[in-house]
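# Analysis of the macromolecular model
Residues per chain, in single letters:
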Amino acid sequence: MPIEQLADRVILKHPKGATVEILHYGATVISWKSPGTSGGEPLERLFVSSKAALDGSKPVRGGIPIVFPVFGAPVLPQFSKLKQHGYARCSIWNLTSVPVDDASTVSVKLSLGFTPEVKAVFDFPVSLEYVVTLSDRRLGTDLRVTNQSDKDELQFQALFHNYIRAPANDVKISPLTGKNYFDKTEATAEAKATAKLEQRREVDVRKPTDSVYVDGGQAYEITWPNGGIQIKTECLKDVVIWNPQETIGKTIGDMEDGGWEKYVCVEPGHVQGYITLPVGGSWVGRQTLRDEW
Ligand code: TA6
């Protein structure tokens, strides 16, 4: 299956019309098009703001940024030099393996080692490998983290910050009933740190939403009239649901006008607590997105 290598990105093309574009910067998936049930012209399934920088000057506002090794602002002292959401989304990754092509899927692998840029902000030898797999109606992303230290454990968080293209005010997300979550839109630190119980059968984002569901599950359905995306996960116990709505959306510099209306972020990850890897240990977190199942 065709693979196109451009200076700043890799493009995979499936014979049934699906395509995926991955920037070397952040290994950010910036486009996934798939034909859906109609089998017609492939549709874009991800949102990228028209004001997003794609030149490596700042993390991409949209697509699938990779959050590693810390979600949000750093708390642990060893992460103190890192910016919000860590370094993976703002480092240049290398294409390390040619596509694996088995007639129904095509995959590429990008890697990020302990480069001088990473060393400058993170004092821990780690290797990251990211495999993106495209089939006719599915997109898979697998992140492998290996602790390359010869003496220390590695603690980290990881998350796929999926910007799902969808009419935000019509979106419903399930199943999250009965799950505990932390509501980051609360005003005080105490309220932010107090778990709430999700009672809705279907979660919506019709008010500003920034919720961290703990042990959210392994599969999520995001539906809206005439559309939907299903996400299945492995080793990603939590899920974050984010949409800023208009008032906060307007304050985001690289958000296009009205951009908040065009997406919902549904972000599987391990972000409540940390994963601990022994010397030489590896961890893989995986998600598969499926269009209009
Ligand atoms: O995952 C949700 C979140 O952490 C929100 O709190 C929100 O601010 C968003 O990510 C975007 O973060 P960014 O650093 O990309 O502006």
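Residues numbered from 1 in each chain as written. Predicted model: local features only at pLDDT ≥ 70, side-chain atom pairs only at ≥ 80, totals over all residues.

## Here's the deal with the UniProt feature "binding site: substrate" (unreviewed entry) in the protein chain
- As annotated by UniProt and renumbered to match this structure, "binding site: substrate" (unreviewed entry) occupies Arg61, Gln84 and Arg89. What stands out for the annotated residues spanning 29 residues is how close their C-alpha atoms remain, the widest pair being 13.7 Å apart.
- Inspection of the secondary structure puts Arg61 in the loop between strand E5 (43-44) and strand E6 (66-67).
- Residues within four places of Arg61 in sequence aside, it is in contact with Ser49, Lys51, Ala52, Asp254 and Met255.
- For Gln84, the position within the fold is in the loop between E6 and strand E7 (94-101).
- With 12 C-beta atoms counted inside 10 Å, the residue Gln84 sits in the exposed group.
- Residues contacting Gln84, with those up to four places away along its chain left out, are Gly72 and Ala73. (UniProt positions renumbered as here; feature names shortened; annotations may be inferred. Helix = DSSP H or I, 4+ residues; strand = E, 2+ residues; numbered from the N terminus. Contact = placed C-beta atoms within 7 Å. Buried ≥ 20, exposed ≤ 12 C-beta atoms within 10 Å, placed from the backbone.)

## Some points on the UniProt feature "active site" (unreviewed entry) in the protein chain
- Following the UniProt record, one finds the feature "active site" (unreviewed entry) at His161 and Glu267. Their sequence span is 107 residues, while the largest C-alpha to C-alpha distance among them is just 4.8 Å; these annotated residues converge on one region.
- Structurally, His161 can be placed in the loop between strand E11 (154-160) and strand E12 (163-165).
- Looking at His161, the number of C-beta atoms within 10 Å reads 23, which means it is buried.
- Among all residues touching His161, those that are not within four sequence positions of it are Ile64, Pro65, Val67, Cys265 and Glu267.
- Residue position: Glu267 is located in strand E20 (residues 263-277).
- A residue is classified by how many C-beta atoms lie within 10 Å of it, and Glu267, with 27 of them, is buried.
- With sequence-adjacent residues up to four places away left out, Glu267 is seen in contact with Leu159, Phe160, His161, Asn162, Val239, Val240 and Trp242.

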